[in-house]
Every structure is written in C-alpha cells, then in structure tokens.
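Residue-level structure breakdown
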Amino acid sequence: MIKFRLAHLGLAMAALGFTAAVPVVGLAPVHAAVTLRPEVGKPLQQAQSLMKQGNAKGALAALRDADKAAKTDDERFLIERVRASAASSAGDWNTAAASFEKLLDSGKLSAGERSQFSEGLVGIYMRAGDLNKANATIINLLKKGNDPKLRAYLLQNYYKQGNVAALEQELRNAEKSGRLSEDELGMLANIQLKKNDKVGYVNTIEKLAASYPKAQYWNDLLNRVQGKPGFSGRLSVDLYRLKLANNLMKKPSEYMEMAQLVLQDKAPAEALKVIDKGYKAGALGTGADAERHKRLKDLAEKNLADQNKNVAALEAEYTAAKDNDALVGLGYALVQSGQADKGLKMMEAAIKAGGLRRADEAKLRLGEAYAAAGKKQQAISTLKTVGGKDGSADLARYWIMAINRPVA
C-alpha cells in the first residue's frame, strides 16, 4: 500500500490564473494522510511527474488508468483533485469543470476550499464559454455574501449575452449597496441610451463626471444638459464657464463665442481672460480669422477701460434704480477684474436686498464669483442654495463637482 499526501502532489493551479476577468484560485493541500492502493497511487504519481514536466495532457491520460482502478470515494476524490489541475493546465475546460463540480459535490472540501473552488469553477465556465452556468454559480455565491469581484463578472457576462433586463436589474441592486464602478456606470449609461432614457442617461453621466472626472464625461454632460426641457439660453455663458474651468475648450469658435457672451454680460475683464487663454492655447491669433480675433480683443480692452472709468457712476445708477440684477452683474465683473472683495460684497448685498428678476441665476453667478476668487467653501455653500428649473440648479451642482474634483 502507498502512503499518499496531497501536499506531495504539487497541485500548481497557475493554469487557473486565466485573465484579469477570471478569478484565480489555488488548490490548498489537504494534510491528512490518505492510504492508496498501488494501482491508484502509481498512476497518480506518474501524473504528478508529468505535470512537473509540463505534460498536462499526458497527466490526464495517466489519470484514466487511475480511474479504472479506483474503488473508494477517497481514491476518486484524490484523482479529481489532480485532474482539476491537469485539465486546467491543458486548457481542457470541460474536463476541469467536471472535476471541480465533483469536488464541490464530494463533501470533502473545507469551507475555505469550497469558496476557492466555487470561484475557480466560475472562471472555468467563463473560459469554456458557458456563461449561463457561470452566472448561476455566481448568483449562488452572492447569496452567501456580497463580493464586488464576482458581481463584476456577473455584470460582464450579462453584457456579453446582451441580457439587458438582467444587467440593468443587477446594476440597480449594486447601486443600492454602494457606489458603482466606472465600468458599471458605463454599462448603465449604454442601457439608458438604447432605451432612449435621456433623463436617466444624463443622471448617469453626471455620476461618472462626479466620481471619475474625465473630459469625455464632462463634454457629454454639458452638451446633453442643454437639451433638457426648460433649459434657459441665458445660461449658455455659464456652460462655457464650466468648460473653461475644466479645460474643455479647444476650438477657436468656442473661445470667440464665450468671449462675446461674456462681453454681452458686461464682464470685459473675464472676456480678456478667455481671449488670452485662447491665444496661449494657439486657438486664437492664427489662421484666416486672426484679424477678427484681434478686433475682439481690442473691443474687450476698450470695454474694460470704459467700465473702470465709470464703476462708481454705474453703481450709483443701479442703486438708485434698485436694479439689484444689474448690481449682481457689476459685482461679478469687478471680481473678474481683480476687485474681489468689493465685487463680492456688492453681489451679496444685492442678493440679500431681493427684488431680483432671476434670483437663482444671481446665486449661481455669486457661486461662480466665489470660485473665481479662490473661495471654494463659500462657493460650494452658495451653489448649494441654487434651485430653479431653468438649468441653474444643474449648473450649480456641476460647479460643485468641478470644484471638488477637477477634470484629471
């Protein structure tokens, strides 16, 4: 009789380190000695030797001799443990899956091993292309406790299968238990696009931009929000401000349009900042429109000079007329021109006095002014108070996102 220890089998399961998309599992050795008859022990030893030589297929052939001689459950259990390793190394996923299933059904695995083998079986099913069995195994494992790695495999499989209903339901379940990963949010966004769920899609892209700030998400978000019902064209300048803050502006037309909108809002110092950034980026000052770019810059400089001369008169005029909206605008222009303290006080007083035609827009501009002045906490506190259904609340929320986590 041969005294056999599984620790001596050298069951290297490196073959189960499939890819990043499949769980890696190791076969922990069983240290209790098992007595084997020579007709079983010798083929097992031969299989071990062949495995060490890298001959996994030869090892599988040797195990077939052991199968013929096996009589007890212990013998069959040991054979399947070796076969699981050999089949995995040989890339024979059907055989490996059958061995893993028999081992899990044997009742001889410890609790820790059962968990390892179950995850390994998921990987084998995925490599074999049997996603239905892989999913069933994952679902059973998830019933015993949440495992983000396994849940990611389940989502991946549903996505490959085109099982949109199951994928969406699983994403909703995952969302309830915590923040979705970037890939998971991307899957959800794709589903919403296919369903033409515009509101849901924008909400998901917003989460992507907030948690994983990338230019592609911010561009998509700012382009989409303009299409929401009730979005005011007056806020186009604020969209551009967000684009500029996130370094999203690339085209000459974008710099030109923003500068013109800012000039219309009577903030010439800000317009000059936009134009200068366009020049530094190489978007302005070159090509057939170089002269047009220069004319716009000259206009902004003239408007700034005129405003600087007439600030006191303008403030007196707006105060006498109780035009608090105009005072908010003038205060914003002062902040942009480097007079932050004076401009912020003017804006705060005008908003506090009330009687504004567009109160939420005024608070949005105050939040933007705080951000421009480098007062992040005051900016966030103010932006949190912005409501309205004209897009102001959306843009205020986006500003908070941009302040907290700028585009990488």
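Nothing here was measured: the structure is a model prediction, and the numbers come from that model.

Let's talk about the UniProt feature "coiled-coil region" (unreviewed entry) in the chain
Feature annotation in UniProt places "coiled-coil region" (unreviewed entry) on residues 290-324, given in this structure's numbering. The span residues 290-324 shows a helical share of 91% and a strand share of 0%, and its end C-alpha atoms are spaced 38 Å apart.

Some words on the packing of helix α5 (residues 111-128) against helix α6 (residues 131-142)
Put simply, α5 and α6 touch, their axes get as near as 8 Å, and they point 160° apart. Taken together, the axes of α5 and α6 lie roughly antiparallel to each other. Crossing hand, α5 versus α6: left-handed. When α5 is examined against α6, the residues Ser118, Glu119, Leu121, Val122, Tyr125 and Met126 are found in contact with a partner set consisting of Leu131, Lys133, Ala134, Thr137, Ile138 and Leu141. Taken together, the residues of the contact of α5 with α6 sort by class into 8 nonpolar, 2 polar and 2 charged.

Considerations on the nonpolar core
Membership of the largest hydrophobic core comes to 126 residues, with the highest contact counts inside it found for Trp218 and Tyr398. Once residues lying within four places of it in the same chain are set aside, the contact partners of tryptophan 218 are Ala209, Pro213, Leu242, Asn246, Leu248, Tyr398, Met401, Ala402 and Val407.

Structural notes on helix α17 (residues 340-353)
With 14 residues, α17 extends 20 Å from end C-alpha to end C-alpha; this agrees with the ideal 20 Å at 1.5 Å per step. Those residues of α17 lying buried are Gly343, Leu344, Met346, Met347, Ala350 and Ile351. The buried residues of α17 occupy one face: seen down the axis, they fall within an arc of 160°. In α17, those exposed residues whose orientation departs by more than 90 degrees from the buried face are Asp341, Lys345, Lys352 and Ala353. One or two positions beyond α17, positive phi appears at glycine 354, with a value near 80°.

Quick notes on helix α8 (residues 164-177)
Taking 1.5 Å per residue, 14 residues should reach 20 Å; α8 reaches 20 Å between its end C-alpha atoms and fits that length. For α8, the complete set of buried residues consists of Ala166, Leu167, Glu168, Glu170, Leu171 and Ala174. Against the buried residues of α8 lie α7 (148-161) and α9 (182-194).

Scoring rules and cut-offs
- Residues numbered from 1 in each chain as written.
- Predicted model: local features only at pLDDT ≥ 70, side-chain atom pairs only at ≥ 80, totals over all residues.
- Heavy atoms only, no water.
- UniProt positions renumbered as here; feature names shortened; annotations may be inferred.
- Helix = DSSP H or I, 4+ residues; strand = E, 2+ residues; numbered from the N terminus.
- Axes fitted to C-alpha atoms, helices over the stretch in contact; angles between N-to-C directions.
- Parallel < 35°, antiparallel > 145°, perpendicular 65-115°, else oblique.
- Left-handed = near helix turned anticlockwise from the far one by under 90°.
- Contact = heavy atoms within 4.5 Å.
- Nonpolar A, V, L, I, M, F, W, Y, C, P; charged D, E, K, R; others polar.
- Core = buried A, V, L, I, M, F, W, Y, C linked by side-chain atoms within 4.5 Å.
- Buried < 20%, exposed > 50% of the residue type's maximum accessible area, 1.4 Å probe, protein only.
- Expected span 1.5 Å × (residues − 1).
- Arc of directions from axis to C-beta.

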